[in-house]
Amino acid sequence: MTWKRILSLVLVLGAGLPLGAQGTGPVNDSGATAWMLTSTTLVLLMVPGLAMFYGGLVRTKNVLGTMMHSFAAMAVVGVLWTVVGYSLSFGPNALGGLIGWSRGLVLLRSIDHTILPAGVPEYAFAMFQGKFAIITPALIAGAVAERISFRGWVAFITLWVLFVYCPLCHWVWAPDGYFFNLGAKGAIDFAGGTVVHISSGAAGLALALFLGVRHGYPKTAMAPNNLTFTLIGAGLLWVGWFGFNAGSSIASNLETARALTVTQVAAASGALTWVLIETIRDDKPTSLGMASGILAGLVVITPAAGVVQVGGAIVLGAIAACACFGMILLKNRLGYDDSLDAFGIHGTGGIVGALGLTFFIRDSWWAEAAAKSPGWGILSQLKVQAFAVGATILFSVCMTLLIAFLVEKLVGFRVAESVEKTGLDHEIHGERAYGLNNLN
Amino acid sequence: MKLITAIIPEEKLDEVREALIEAEIERITVLRVSGHGRQQEIVVQRGKKVVPNLIPKVQITIACNDAFEDITVDTIIRTARHGGGEVGDGKIFVQDLKECIRIRTGERGGQAI
């Protein structure tokens, strides 16, 4: 049989199955499905974007090692998510709701024919969610850049996704999760303020404290090797974020367009504010400031994209830029080494967004909340938000420290001082980022 | 006056630099260079072993007055050497320096260093 005949057979089978399923379940909505597949692709684009963002910020000797942290997440979690990750996150409550689990979801076997009520194949939803599970541990790498071993990192993200990301994702986004059912209409986390940004930011801070500062920090200047990469990376993240936020509506409708609009506005407002602060304070608008401001704005709007309007998005973006800028100044004063500011931007921006969004929720949301629980107001919702934020930080920090301890004991996490001095690229990977140094 | 040129392993730059500053030799120029001596470094690319004929090193150039020659050379030897000494630890060249001029003031000779 030629490969063409095999292909046509697969196509016939593939086309036949949904037809057979149409009578019983929801019908596929091609518009929503197309947007979900596009969003999934866009979110994946954020990972190489993040690799470039971080890769540009480290020193010349650690460029490939740092970019490999992001790519390792694509490879490791790309497999892990389909094997058990999706089941742990979106299976029905197990262990009293601590986590989800369904044997059928292992290797995604039971969703082979499923169309979700939203009119989207469950495969599209599972893959979309899988990209979130990839980028979240990848974000942590920024806090511990330039001093961790590759195998330690692979072991860490494997355990972290299983024991931190999957439970949190279940609590916040599974229909039977703890936070999904808090208060009148649940804790608001549209696209991952708590699950993605606060959890990774807090984990980054815990890990930075656990592993200690880089050799020579803060006395030796550790300047970014290539801010061109960082700017391109920030641009890719901005583009990818439209899939991240607007895709989180799991639809292609009014809500999607609302999320896309506030994402654009908040990122721009964050960038503008950061550059403005720098210009007033230090007389120089920097490209690193522009990139950082974009990221702060994007992070702050992530939990809020489903409920705030344009005005709120502008204010939240500006507040996030101020808060993240302040947090980085504070870091320099306190002396811990959150190398690329994973906590400074993702942790801080995520917290500001998850709490701050309460003050900018659109009226129709309040009306729905009041209908379900009379008298539901800003204060009651703020309590729910604060609980979700606090619980996320506590859970993430404790679990991260436990996992880090295990990894350090079992495979070794922090590299030897000589490796750190020569650089991860040469010592761990046997490569160099820039060929010009070695004129072969 | 002497012109001291040292070729050292990349990973030793921080240590050498910190020790030189401690010995109050603070005027140095650093370059990335490639070259070959007796050291061989095997690199694996897609499973294939490759021996690059040029190995990256760091070059430090220091101009100093005669009295500082020994302490500069000793500091570099002490900090650039791997343990008991390995092939690839580098070399130091010392030359007589004919003239030194500070561009800002036009000063010449020892005081310009």
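Residues numbered from 1 in each chain as written. Chains lettered and ligands numbered in written order. Predicted model: local features only at pLDDT ≥ 70, side-chain atom pairs only at ≥ 80, totals over all residues.

### Details of the overall build of chain A
Link 1 in the chain: Along its length, chain A carries 15 helices and two strands.
Link 2 in the chain: Across the 440 residues of chain A, 53% fall into the buried class.
Link 3 in the chain: For chain A, long-range pairs separated by at least 24 residues make up 80% of all intrachain contacts whose partners lie at least 6 apart in sequence. (Helix = DSSP H or I, 4+ residues; strand = E, 2+ residues; numbered from the N terminus. Buried ≥ 20, exposed ≤ 12 C-beta atoms within 10 Å, placed from the backbone. Contact = placed C-beta atoms within 7 Å.)

### A short note on the overall build of chain B
Link 1 in the chain: Helix and strand counts for chain B come out as two helices and six strands.
Link 2 in the chain: Secondary structure elements of chain B occur, N-terminal to C-terminal, as β-α-β-β-β-β-α-β.
Link 3 in the chain: Radius of gyration (C-alpha) of chain B: 17 Å, far over the 13 Å computed for a compact globule of 113 residues.
Link 4 in the chain: Expressed as a percentage of its 113 residues, the buried residues of chain B come to 15%.
Link 5 in the chain: When contacts within chain B are restricted to residue pairs at least 6 apart in sequence, those whose partners lie at least 24 apart make up 71%. (Rg over C-alpha atoms; globule rule 2.2 N^0.38 Å.)

### Points about the pairing of strand β1 (residues 2-8) of chain B
Link 1 in the chain: Alignment of β1(B) against strand β5 (residues 55-64) of chain B, held across seven bridges, turns out to be antiparallel. Within β5(B), the residue paired with B:T5 across the bridge is B:T61. (Pairing = 2+ DSSP bridges.)

### A short note on the interface of chain A and chain B
Link 1 in the chain: Taken together, the contact between chain A and chain B spans 10 residues of the former and 11 residues of the latter.
Link 2 in the chain: Looking at the side of chain A that touches chain B, its residues break down into one nonpolar, eight polar and one charged. (Nonpolar A, V, L, I, M, F, W, Y, C, P; charged D, E, K, R; others polar.)

### A few points about helix α13 (residues 378-410) of chain A
Residue and element names in this part refer to chain A.
Link 1 in the chain: Compared with the 48 Å implied by 1.5 Å per residue over 33 residues, the 47 Å span of α13 between its first and last C-alpha is a close match.
Link 2 in the chain: Taken as a whole, α13 has its buried residues at Q381, Q385, A388, V389, T392, I393, S396, M399, T400, I403, A404 and V407.
Link 3 in the chain: Next to the buried residues of α13 lie α5 (150-173), α6 (193-211) and α11 (342-356).
Link 4 in the chain: G412 occupies a position one or two residues after α13 and carries a positive phi of about 85°. (Expected span 1.5 Å × (residues − 1).)

### Section: the confidence of the model for chain A
Link 1 in the chain: For chain A, the average pLDDT comes to 91, and 93% of its residues sit at 70 or higher.
Link 2 in the chain: Of the regions scoring below 50 in pLDDT, residues 1-22 of chain A engages in six contacts with residues more than four places distant in sequence or in other chains. (pLDDT = per-residue confidence, 0-100.)

### Let's talk about the environment of A:G55
Residue and element names in this part refer to chain A.
Link 1 in the chain: Take G55: it is sitting in helix α2 (residues 30-57).
Link 2 in the chain: Note: C-alpha distance between G55 and I428 (373 residues apart in sequence) is 16 Å.
Link 3 in the chain: Those residues in contact with G55 that lie beyond four places of it in its chain are V63, T66, M67 and F229.

### So, the packing of α11(A) against α13(A)
Residues and elements named next belong to chain A.
Link 1 in the chain: Remark: α11 packs on α13, axes separated minimally by 8 Å, with the N-to-C direction vectors making an angle of 155°. On the basis of their axis angle, the class for α11 and α13 is roughly antiparallel. Residue-level inspection shows I351, A354 and L355 of α11 in contact with α13, the latter providing L382, Q385, A386, A388 and V389.
Link 2 in the chain: Taken together, the residues that form the contact of α11 with α13 break down as seven nonpolar, one polar and no charged. (Axes fitted to C-alpha atoms, helices over the stretch in contact; angles between N-to-C directions. Parallel < 35°, antiparallel > 145°, perpendicular 65-115°, else oblique.)

### Here's the deal with the packing of α2(A) against helix α3 (residues 63-90) of chain A
Residues and elements named next belong to chain A.
Link 1 in the chain: Between α2 and α3, the shortest axis-to-axis distance is 8 Å and the interhelical angle comes to 160°. One element, α2, and the other, α3, form an angle in the roughly antiparallel class. Considering only the axes of α2 and α3, their crossing is right-handed. Contact residues: V47, L50, A51, Y54 and G55 in α2; V63, T66, M67, S70, F71, A73 and M74 in α3. (Left-handed = near helix turned anticlockwise from the far one by under 90°.)

### Description of the environment of A:E417
Residue and element names in this part refer to chain A.
Link 1 in the chain: Position of E417 among the secondary structure elements: in helix α14 (residues 417-422).
Link 2 in the chain: The class of E417 is exposed, set by 11 C-beta atoms lying within 10 Å.
Link 3 in the chain: In the structure, E417 is positioned 202 residues away from H215 in sequence and 7.3 Å away in space, judged by C-alpha atoms.

### Focus: the nonpolar core
Link 1 in the chain: Ranked by internal contacts, the top residues of the largest apolar core, which has 142 residues, are A:L50, A:L237, A:L298, A:L316 and A:A320.
Link 2 in the chain: Each residue touching A:L316, except ones within four places of it in the same chain, is listed here: A:A266, A:V300, A:I301, A:A304, A:V308, A:G353, A:G356, A:L357 and A:F360.
Link 3 in the chain: Judged by nonpolar contacts, the second largest core, of 11 residues, contains B:V58, B:I60, B:C64 and B:I76. (Core = buried A, V, L, I, M, F, W, Y, C linked by C-beta atoms within 7 Å.)

### Here we look at helix α8 (residues 254-282) of chain A
Link 1 in the chain: Between its first and last C-alpha atoms α8(A) spans 42 Å; for 29 residues at 1.5 Å apiece the expected length is 42 Å, and the two agree.
Link 2 in the chain: Looking one or two residues beyond α8(A), the residue adopting positive phi is A:D283, at roughly 70°.

### Brief notes about unusual backbone geometry
Residues and elements named next belong to chain A.
Link 1 in the chain: Residue P218 follows Y217 across a cis peptide bond; omega there is 0°.
Link 2 in the chain: Within the secondary structure layout, P218 lies in the loop between α6 and α7 (227-246).
Link 3 in the chain: With a phi close to 50°, L95 is a non-glycine residue in the positive phi region.
Link 4 in the chain: Tracing the sequence through the fold places L95 in the loop between β1 (93-94) and β2 (99-100).
Link 5 in the chain: A positive phi is found at L107, a non-glycine position, where the angle reads about 60°.
Link 6 in the chain: Mapped onto the fold, L107 is located in the loop between β2 and α4 (122-140).
Link 7 in the chain: On the basis of neighbour count, L107 is assigned to the exposed category, with 11 C-beta atoms found within 10 Å.

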